[in-house]
Amino acid sequence: MAHRWTNDLTHDDVTPKSAYMNRRQIVAGMAGLGLATIAPKAQAAAETLDPTPFDVITQYNNFYEFGTRKEDPARYAGSLTTKPWSIKIDGMVDNPGDYALSDILSKMTIEERIYRFRCVEAWSMVVPWNGFELKDLLDLAGVQSGAKYVAFETLYRPEEMPGQRQPFLEWPYVEGLRLDEANHPLTLMATGIYGKPMPNQNGAPIRLVVPWKYGFKSIKSIVRITLTDKEPPTSWNKSIPSEYGFYSNVNPKVDHPRWSQASERPIGGGFFAKRIPTLMFNGYEKEVAGLYEGMDLRKNY
Ligand SMILES: Nc1nc2c(c(=O)[nH]1)N[C@H]1C(S)=C(S)[C@@H](COP(=O)(O)O)O[C@H]1N2
Ligand SMILES: [Mo]
């Protein structure tokens, strides 16, 4: 696949000792998921990234299906059953249907991508994801020429997702991307972190990661992907349209109506740890700015 992302970092360069796993363990973790391959080199944006420890990435989460507090997902997501799992792919595709996750994974190349992840609440982490490019899945489904957008839907299962018994948001959680954003080589379907299968609280068994957008665009526990010619509704836009638009690109120059987006707090270093400046498109400007040429990003927030 010619569109692969590359950089110079290796897993060893960026993995803290406490969370270090050797290559054999990584491959073993993958084998448990029925994954055939792992790319030999770690992947990341071309800058130095200090990954956030595993315990922080998995214990400070937003996953409103399990409650609104940061500790709720780690506490309650254990009840979620993720096997068997399939994704319905429908709408403007040549090959619509229910795709078993195991079948999808047998056709995909799993890579490691170390991405900066920026929540709209102005905290950030650096996550070594394992996954494949969304484009490869869309190619499998055969996107038709009239399609312009991709809509995503999270599992709706209130018996296992206690937050869905409360009206925090309209359920199921939904998100959307423009087709060119979805096909961008940075856009990942993630199935693991630190070489381990995706923890439930992080969106098991498969979730989206769009590193130049605020965290809420990265929808978890996906069961449906629909190709469409209309801009799809998104959960946070439906909930508070004046604060959350369709694009939600990380932009330090456009503040959230209730707080600044100019800086962020890397989590894991304690609440009073030094804030760092937020970068345009979360540091991926070189790669993605072209997608928005000629657009007013203040209007298209
Ligand atoms: N289905 C679903 N996906 C979701 C959310 C959610 O509540 N439900 N929260 C979003 C938000 S606000 C963030 S910041 C990220 C958090 O991902 P993480 O737990 O891997 O850090 O998930 C996003 N995806
Ligand atoms: Mo978020």
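Everything here concerns the structure above.
Read on for an overview of the structure. All of these numbers come straight from a predicted model, not from anything done at the bench. (Residues numbered from 1 in each chain as written. Chains lettered and ligands numbered in written order. Predicted model: local features only at pLDDT ≥ 70, side-chain atom pairs only at ≥ 80, totals over all residues. Heavy atoms only, no water.)

As for the site of ligand 1
In the vicinity of ligand 1 lie 20 residues, with Asn61, Tyr64, Glu65, Met125 and Lys220 positioned nearest. One of the side-chain N or O atoms of asparagine 61 is found 2.8 Å from an oxygen atom in ligand 1. When atoms are counted within 2 Å of each cavity's grid points, the one that captures over half of ligand 1 is the largest pocket. Looking at which element gives the most residues to the shell around ligand 1, the answer is strand β5 (residues 123-133), with 3 residues. Considered class by class, the residues forming the shell around ligand 1 number 10 nonpolar, 7 polar and 3 charged. (Near = heavy atom within 4 Å. Polar contact = N/O pair within 3.5 Å; in protein donor to acceptor, adjacent residues only side chain to side chain. 1 Å grid on protein atoms, 1.4 Å probe; cavity = no way out; pocket = protein on both sides within 12 Å on 5 of 7 lines; lining within 4 Å. Sits in = over half its atoms within 2 Å of the grid points. Helix = DSSP H or I, 4+ residues; strand = E, 2+ residues; numbered from the N terminus. Nonpolar A, V, L, I, M, F, W, Y, C, P; charged D, E, K, R; others polar.)

Notes on the layout of surface pockets
The volume enclosed by the largest pocket comes to roughly 450 Å³. Asn62, Tyr173, Gly215, Phe216 and Trp236 are, among the 27 residues lining the largest pocket, the residues nearest its centre. Sorting elements by how many residues they give to the lining of the largest pocket places β5 first, with 3 residues. When grouped by side-chain class, the residues that make up the lining of the largest pocket number 16 nonpolar, 6 polar and 5 charged. (Points joined across faces, edges and corners; volume = space filled by probe spheres on them.)

Considering the packing of aromatic side chains
Evaluation of the coordinates by the stated rule reveals 13 aromatic pairs. Here tyrosine 60 and tryptophan 123 contribute two aromatic rings whose centre-to-centre distance is 5.1 Å and whose plane-to-plane angle is 85 degrees, an arrangement assigned as edge-to-face. Here tryptophan 123 lies in strand β5 and tyrosine 60 lies in the loop between α3 (54-57) and α4 (72-76), a separation of 63 residues in the sequence. A relative accessible area of 23% means that tyrosine 60 is categorised as partly exposed. A relative accessible area of 4% places tryptophan 123 in the buried class. Site record: aromatic cluster; members linked through ring pairs are Tyr64, Phe168, Phe216, Trp236 and Tyr244. (Phe/Tyr/Trp six-rings, centres within 6.5 Å; stacked < 30°, edge-to-face > 60°. Buried < 20%, exposed > 50% of the residue type's maximum accessible area, 1.4 Å probe, protein only.)

Things to note about the sheet that holds strand β6 (residues 149-154)
Here 5 strands make up an open sheet; going across it, the order is β3-β2-β11-β6-β7 and the pairing mixed. Where the open sheet ends on each side, the last strands, each with one partner, are β3 (97-100) and β7 (174-178). Taking each pair of neighbouring strands and ignoring which way they run, the sheet shows an average axis angle of 20 degrees. Note that strand β2 (residues 86-91) and β3 share 4 bridges and pair antiparallel. Directly across from lysine 88, in β3, lies its bridge partner aspartate 98. (Pairing = 2+ DSSP bridges. Axes fitted to C-alpha atoms, helices over the stretch in contact; angles between N-to-C directions.)

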